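# Fold and contact review
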Amino acid sequence: MKLKFGTVEEDVVTREEFPLEKAREVLKDEVIAVLGYGVQGPGQALNLKDNGFNVIVGQRKNSKTWDKAVADGWVPGETLFELEEACEKGTILQFLLSDAGQIALWPTVKKHLSPGKALYFSHGFGVTYNDQTGIVPPEDVDVILVAPKGSGTSLRRMFVEGRGLNSSFAIYQDATGKARERVIALGIGVGSGYLFETDFYREVTSDLTGERGTLMGAIQGIFAAQYEVLRENGHSPSEAFNETVEELTQSLMPLVAENGMDWMYANCSTTAQRGALDWWKPFRDASKPVFEQLYKSVKDGKEAAKSIESNSKADYREKLEEELSELRDSEMWKAGATVRKLRPENN
Ligand SMILES: NC(=O)C1=CN([C@@H]2O[C@H](COP(=O)(O)OP(=O)(O)OC[C@H]3O[C@@H](n4cnc5c(N)ncnc54)[C@H](O)[C@@H]3O)[C@@H](O)[C@H]2O)C=CC1
Ligand SMILES: CC(=O)[C@](C)(O)C(=O)O
Ligand SMILES: [Mg+2]
Ligand SMILES: [Mg+2]
């Protein structure tokens, strides 16, 4: 359906125009092989299974995630296979290894992409940066994308709650003439609330910008800056944390989610409104050059190169964990752990 986003009209696909029954009809003869069982793998595979699709999972044996797949109800030899066996059995291959991991498995996946199969991604990364990944799909398969706009953990949680995370979708190559109905059916099948169309390049550039920017990188940066200034001026950790993070996640962001920034402002004091209206523009102006630098680094493929380089190392998990523990052990997030315990619903 066509909808106005501000003054711009866009086409979105909802469950109303493309109900689950239609998705099941489109994919009734397909075997959907979900390759990789990290964060997106479980969310998408379990939602597809619960929605009545024919799904198998491919994962390395003797790994923690193989055991997790078994614990989630996938049966070795029936619905859970080694990666190569799943590639062979699947007619739609959902390539949900980490973006760096996809490079290593690509020769195997490619070998099993016989004509008419579909290659499905949840990120435009591998194909867009194919000068770095080597992922160049054969011409006689569909190449499609459904990118849930959130963590696989939320995708599953929201599905179980009867809600739906929104996703973008894209078609890179339509070899069968059925790529469009295939990709939309998969998008509905994995539990998307609605789908908006993009292309692989735009998906990856916006996504890499978003996660490095406001969604993850910038927000931690801005939290740290304010927390430090409050602490340096003699405020206690609990006061600094509450005024920086807790109030935002518990009180104010839910209001923004419900009805927008203006409505959240309107539900705060006129004192706060005066100050926030004065200060948001200096913050925008201070951070915009950093966002421009970030977008350029994404566009130039530098962010992709860094990610491939670091996540292809044998000990990449340990290294990431080390850096995450640095965050976890910072005073701000230690204070956060105590504050979370104090929420009445947590005790
Ligand atoms: N994590 C998320 O919620 C989101 C991820 N995506 C995209 O979905 C795709 C999958 O991402 P995640 O689920 O985060 O992946 P992940 O980092 O959790 O890894 C998925 C699986 O790949 C396996 N793997 C890694 N390297 C391997 C290798 N060399 N050989 C064999 N297996 C290997 C891991 O064991 C794991 O089971 C990526 O394209 C990512 O950008 C998109 C939206 C959100
Ligand atoms: C959750 C999501 O969509 C991210 C942040 O882009 C990602 O995990 O890559
Ligand atoms: Mg994303
Ligand atoms: Mg991402």
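These numbers come from a predicted model, not from an experiment.

As a further point, take the packing of aromatic side chains. Summed over all chains, the structure comprises eight aromatic pairs. With 5.2 Å between their ring centres and 50° between their planes, Tyr172 and Phe200 make a pair best called tilted. Highlighted residues: Tyr172 in strand β9 (residues 165-173) and Phe200 in helix α10 (residues 200-212), separated in sequence by 28 residues. Residue classification places Phe200 among the buried positions, given a relative accessible area of 3%. The lysine or arginine in question, Lys49, covers the ring of Trp74, its NZ or CZ lying 4.6 Å from the ring centre.

Surrounding ligand 2, one finds Pro148, Gly150, Ser151, Asp207, Glu211 and Met216. Asp207 is positioned with one of its side-chain polar atoms (N or O) 2.9 Å from an oxygen atom of ligand 2. Within the side chain of Glu211, a nitrogen or oxygen atom sits 2.6 Å from an oxygen atom of ligand 2. Its free accessible area being 260 Å², ligand 2 has 61% of it covered by the protein chains. Partitioning the shell around ligand 2 into residue classes produces two nonpolar, two polar and two charged.

A separate point is the packing of helix α12 (residues 237-259) against helix α17 (residues 331-342). Where α12 meets α17, the axes come as close as 9 Å, and the angle between the chain directions of the two elements is 85°. Between α12 and α17, the interaxial angle falls into the category roughly perpendicular. Along the contact surface, α12 presents Pro237, Phe241, Asn242, Val245 and Glu246, while α17 presents Glu331, Met332, Trp333, Ala335, Gly336 and Val339. Its residues placed into classes, the contact of α12 with α17 shows seven nonpolar, two polar and two charged.

A word on the nonpolar core. Ranked by size, the top nonpolar core spans 32 residues in total, and within it Trp74, Tyr120 and Ile184 carry the most contacts. Looking at this core, the element that brings in the most residues is helix α9 (residues 179-189), giving six residues. If we ignore the near neighbours within four places in the chain, the residues touching Trp74 are Tyr37, Ala45, Leu46, Lys49, Val55, Val57, Ala69, Thr79 and Leu80. Grouped together as the second largest cluster of nonpolar side chains are 24 residues, Leu119, Ile135, Ala147 and Ala170 included.

Moving on, we come to the coordination of the magnesium ion (ligand 4). Each pair of donors in an ideal four-coordinate tetrahedral metal site encloses 109.5 degrees, whereas pairs in an ideal six-coordinate octahedral site enclose 90 or 180 degrees. Around the magnesium ion (ligand 4), the protein supplies Asp207 (OD) and Glu211 (OE) as donor atoms, at distances of 2.0 to 2.1 Å. A spacing of 3.5 Å is found between the magnesium ion (ligand 4) and the magnesium ion (ligand 3), which share Asp207 as a donor. Remark: Glu211 and Asp207 occur in helix α10; sequence separation between them is four residues, near one turn of the helix.

Let us now look at the confidence of the model for the chain. Interpretation of the predicted coordinates at a detailed level should be avoided for regions scoring low in pLDDT. Averaged over every residue, the pLDDT of the chain is 97; the share at 70 or more is 100%. On the interface metric, ipTM, the complex scores 0.97, and its pTM is 0.97.

Contacts to ligand 1 come from 23 residues, most closely from Val39, Gln40, Asp99, His123 and Gly152. Arg60 is positioned with one of its side-chain polar atoms (N or O) 3.5 Å from a nitrogen atom of ligand 1. In the model, an oxygen atom of ligand 1 is placed 3.4 Å from a nitrogen or oxygen of the Ser98 main chain. Look at ligand 1: alone it shows 830 Å² of surface, and the protein chains cover 82% of it.

Next up on the list: the sheet that holds strand β1 (residues 2-5). Read from one edge of the open sheet, 10 strands run β1-β2-β10-β9-β8-β7-β6-β3-β4-β5, paired in mixed fashion. Edge positions in the sheet fall to β1 and β5 (80-81), since each of these pairs with one other strand and no more. Examined bridge by bridge, strand β2 (residues 8-14) and strand β10 (residues 192-197) share three bridges and lie antiparallel to one another. In the sheet register, Thr14 faces β10, and the bridge partner there is Tyr194. Against the sheet, helix α5 (residues 99-111) makes contact with β3 (32-35), β6 (92-95) and β7 (118-121), and its axis sits at roughly 165° relative to β6, the strand it touches most. Sitting on the sheet, α10 is in contact with β7, β8 (142-148) and β9, with an inclination near 30° to β8.

Criteria and cut-off values
- Residues numbered from 1 in each chain as written.
- Chains lettered and ligands numbered in written order.
- Predicted model: local features only at pLDDT ≥ 70, side-chain atom pairs only at ≥ 80, totals over all residues.
- Heavy atoms only, no water.
- Phe/Tyr/Trp six-rings, centres within 6.5 Å; stacked < 30°, edge-to-face > 60°.
- Helix = DSSP H or I, 4+ residues; strand = E, 2+ residues; numbered from the N terminus.
- Buried < 20%, exposed > 50% of the residue type's maximum accessible area, 1.4 Å probe, protein only.
- Lys NZ or Arg CZ within 6 Å of the ring centre and 35° of its normal.
- Near = heavy atom within 4 Å.
- Polar contact = N/O pair within 3.5 Å; in protein donor to acceptor, adjacent residues only side chain to side chain.
- Areas by Shrake-Rupley, 256 points an atom, 1.4 Å probe, with all protein chains shown as cover.
- Nonpolar A, V, L, I, M, F, W, Y, C, P; charged D, E, K, R; others polar.
- Axes fitted to C-alpha atoms, helices over the stretch in contact; angles between N-to-C directions.
- Parallel < 35°, antiparallel > 145°, perpendicular 65-115°, else oblique.
- Contact = heavy atoms within 4.5 Å.
- Core = buried A, V, L, I, M, F, W, Y, C linked by side-chain atoms within 4.5 Å.
- Donors = N, O, S within 2.8 Å, 3.2 Å for Na, K, Ca; no water.
- pLDDT = per-residue confidence, 0-100.
- Pairing = 2+ DSSP bridges.

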